[in-house]
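# Observations on the three-dimensional arrangement
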Amino acid sequence: MQRTWRRAALAAGLSITGALGGLVAAAPVQAQTVESGSVSFSGDPGDYITGGGSYAYSTGDGDQLTTAASTDSSHVSVNVNGYNGDWWYLDFDAPGSQPLTPGTYDNATRYPFNGAGPGLSLDGNGRGCNELTGTFTVLNAVFGPNGYVQTFDATFEQHCEGGEAAARGEVHIANPPAPAPLDLELDVATNGTASTISGKAVVHGTVTCNQPTSVTMTGVVDQVVKKVLVRGNFSALVTCTPGAAVPWTASATPNGSTPFGKGAAEVSTEATGYDSEYQQYVSVHDTSIVNLAKS
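Reference entry: report on the structure contained in this document. (Residues numbered from 1 in each chain as written. Predicted model: local features only at pLDDT ≥ 70, side-chain atom pairs only at ≥ 80, totals over all residues. Heavy atoms only, no water.)

## Concerning the overall build of the protein chain
Broken down by element type, the protein chain carries zero helices and 22 strands. For 295 residues, the compact-globule estimate of 2.2 N^0.38 gives 19 Å, and the protein chain exceeds it by more than 25% at 27 Å. Each of the 295 residues in the protein chain was classed as buried or not, and the buried ones make up 44%. Contacts in the protein chain between residues far apart in sequence, at least 24 positions, make up 62% of those at least 6 positions apart. Element-wise, carbon and sulfur atoms account for 51% of the exposed surface of the protein chain, whose accessible area totals about 13900 Å². Each charge class in the protein chain can be summarised by its mean position, and for the 12 positive and 26 negative side chains these summaries are 29 Å apart. (Helix = DSSP H or I, 4+ residues; strand = E, 2+ residues; numbered from the N terminus. Rg over C-alpha atoms; globule rule 2.2 N^0.38 Å. Buried < 20%, exposed > 50% of the residue type's maximum accessible area, 1.4 Å probe, protein only. Contact = heavy atoms within 4.5 Å. Areas by Shrake-Rupley, 256 points an atom, 1.4 Å probe, with all protein chains shown as cover. Lys, Arg positive; Asp, Glu negative; His and termini not counted. Charge placed at Lys NZ, Arg CZ, Asp CG, Glu CD.)

In structure tokens, the structure reads:
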């Protein structure tokens, strides 16, 4: 009998420092450079953020845009690094953990202090709101795995400090379809050996992948020999390339004085590789019953 499951651990995250007060808030996963997009906004006379001016940025004009979504697609951040030296941060946050889907989100307050309600924030060039109210409309939103933003179109209106003057703008993001994340498949053979000389257990199997990566196998062999629990750890490293199953072999040295012997053993194995597309480690786990033969 065999059980398998998968987990992914972020290799790195981002943090956003608020323009006011040096506040650091949790942020989406790894940011991506926008291939095609634009951000534009303008303000009424008296609006603190814009100073009543108009601003427009686009990748076609040499401005750099980056974006990221939270893993549950409830929050999208868009950062502007203008060719002229301007810098702006724009955040859209759905109520609670619900995903950002097309529709209008009224009664938004300053992200990330919006609690269970929608959140919004436009700040940059040294200016930010202590408190704000606003509304935003998501026109289109297409997300990929691991916080990838493929398409995001939205409009917004923001009022600082309860004032009537507003900043209004829109954002348009277009990226190619999300690349496939690293997919590892781990197989542990149901046969192995127990050395009559060293007492070690030797186990083996294969691993497959959909992108080149080094895969580390770690695990534990447990066996009951004459009512004594024998346990040993093992590890192995292989280079995995797509297209074929890559064999791996590892030996486990018993922790105590009792050697591994002939018979059934439980083998728990974890295979871990690095996903270069999404810059994170991915692991798969397998627990199998392996019959050890004397060698």
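Once the structure has been displayed, the description carries forward.
## Re the sheet that holds strand β12 (residues 132-143)
Pairing in this open sheet of 11 strands is mixed, and the strands run β4-β7-β8-β9-β11-β10-β12-β13-β14-β5-β6 from one edge to the other. The sheet is open, and its two edges are formed by β4 (32-33) and β6 (54-58), each paired on a single side. Sheet analysis places β4 next to strand β7 (residues 64-69), joined by two bridges and oriented antiparallel. Across the sheet, Thr33 pairs through a bridge with Thr66, a residue of β7. (Pairing = 2+ DSSP bridges.)

## Remarks on unusual backbone geometry
Look at the link from Tyr111 to Pro112: it is a cis peptide, with omega at 10 degrees. Inspection of the secondary structure puts Pro112 in the loop between β10 (103-110) and β11 (119-124). Phi is positive for Ser73, which is not a glycine, with a value near 60 degrees. With respect to the element layout, Ser73 can be found in the loop between β7 and β8 (75-81).

## Quick look at the pairing of strand β22 (residues 280-294)
Pairing of strand β16 (residues 191-194) with β22, which is carried by four bridges, proceeds in the parallel orientation. Following the sheet pairing, Thr193 is matched in β22 by Ala293. By the bridge criterion, 13 bridges tie strand β21 (residues 263-275) to β22 in an arrangement that is antiparallel. Of the residues in β22, the one forming a bridge with Thr269 is Asp286.

## Description of the environment of Leu100
Relative to the helices and strands, Leu100 resides in the loop between β9 (87-93) and β10. By relative accessible area, which is 2% here, Leu100 ends up buried. Leu100 sits 52 residues away from Tyr48 along the chain, and the two C-alpha atoms are 27 Å apart.

## Section: the side chain of Ser288
Tracing the backbone through its elements, the reader meets Ser288 in strand β22. Separated by 2.6 Å, the side chains of Ser288 and Asp286 make a polar contact. (Polar contact = N/O pair within 3.5 Å; in protein donor to acceptor, adjacent residues only side chain to side chain.)

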